[in-house]
Amino acid sequence: MPHPLPVVQLHVPTEEDAFHWHRVFDDPEVMEFHGGVSAEKSVYEELTARQRRHDAERGFCFWTMTDDDGEVIGFTGAQPWPHETFGPVGEIEIGWRLGRAHWGRGYATAAARATLERVRAAGVGRVVAMVNSRNERSVAVTRRLGMELAETYPLSSGDTAYCFRMEL
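Draft legend 1. Representation of the packing of aromatic side chains. On inspection of all chains with the given rule, the structure shows eight aromatic pairs. Judged by centre distance (6.5 Å) and plane angle (55°), the ring pair of Trp-21 and Phe-25 falls under tilted. An aromatic cluster is defined as three or more aromatic residues linked by ring pairs; in this entry it consists of Trp-21, Phe-25, Tyr-44, Phe-62 and Phe-75. In this structure, Arg-97 is placed above the aromatic ring of Phe-25, and the distance from its NZ or CZ to the ring centre is 5.2 Å.

Draft legend 2. Seen up close, helix α1 (residues 17–24). When we look at burial in α1, the residues that qualify are Asp-17, Ala-18, Trp-21 and Val-24. Down the axis of α1, the buried side of the element spans an arc of 135°, and every buried residue falls inside it. Buried residues along α1 sit against β1 (9–11), α2 (41–58), β2 (62–66) and β3 (72–80).

Draft legend 3. Geometry of the packing of helix α3 (residues 107–121) against helix α4 (residues 136–145). Closest axis-to-axis distance for the α3/α4 pair is 10 Å, and the angle between their directions is 50°. It follows from the interaxial angle that α3 and α4 lie oblique. Pair α3 / α4 crosses with right-handed handedness. Of the residues in α4, those touching α3 at Ala-108, Thr-109, Ala-112, Arg-113 and Leu-116 are Val-141, Arg-144 and Leu-145. For the contact of α3 with α4, the residue count by class is five nonpolar, one polar and two charged.

Draft legend 4. Fine view of the side chain of Asn-135. For Asn-135, the location among the structural elements is in the loop between β5 (126–132) and α4. At a separation of 3.2 Å, a polar atom in the side chain of Asn-135 contacts the main-chain amide nitrogen of Ser-138.

Thresholds, definitions, all that
- Residues numbered from 1 in each chain as written.
- Predicted model: local features only at pLDDT ≥ 70, side-chain atom pairs only at ≥ 80, totals over all residues.
- Heavy atoms only, no water.
- Phe/Tyr/Trp six-rings, centres within 6.5 Å; stacked < 30°, edge-to-face > 60°.
- Lys NZ or Arg CZ within 6 Å of the ring centre and 35° of its normal.
- Buried < 20%, exposed > 50% of the residue type's maximum accessible area, 1.4 Å probe, protein only.
- Helix = DSSP H or I, 4+ residues; strand = E, 2+ residues; numbered from the N terminus.
- Arc of directions from axis to C-beta.
- Contact = heavy atoms within 4.5 Å.
- Axes fitted to C-alpha atoms, helices over the stretch in contact; angles between N-to-C directions.
- Parallel < 35°, antiparallel > 145°, perpendicular 65-115°, else oblique.
- Left-handed = near helix turned anticlockwise from the far one by under 90°.
- Nonpolar A, V, L, I, M, F, W, Y, C, P; charged D, E, K, R; others polar.
- Polar contact = N/O pair within 3.5 Å; in protein donor to acceptor, adjacent residues only side chain to side chain.

Have a look at this one:
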């Protein structure tokens, strides 16, 4: 019998969450498929500010994810695909990133399911998830969500990006 998914809380990222995201993601394993190195705090300050704008304009964003104790463990959510010349241009991307200490417990799947409910309620009809083909953990999350592999894109690193898609 499968384990029940954990309870996750989601909130629009605050300015303070930029510090939490920086701390939680400051790990080479977490960043393996996101450039391989830790990002500067300024990257998270810009990212959390952009997410607040998305929430105000669209009713969804990459939300800060907390566990039962209120500890920041990562983010999940949806945003417009951020590139204009690569990937699923013009589509709504769902995504997740967890601190290493929280891997393997069902948090990403639980949070991604909550994301799907929230974006559906906001009127989004279809979402994509872009995942590095070597990122077996995230590929597994897309499968648990029922997403279908739709396209592949070559990455500058020599890897391949899988584009999973789901009609809502």
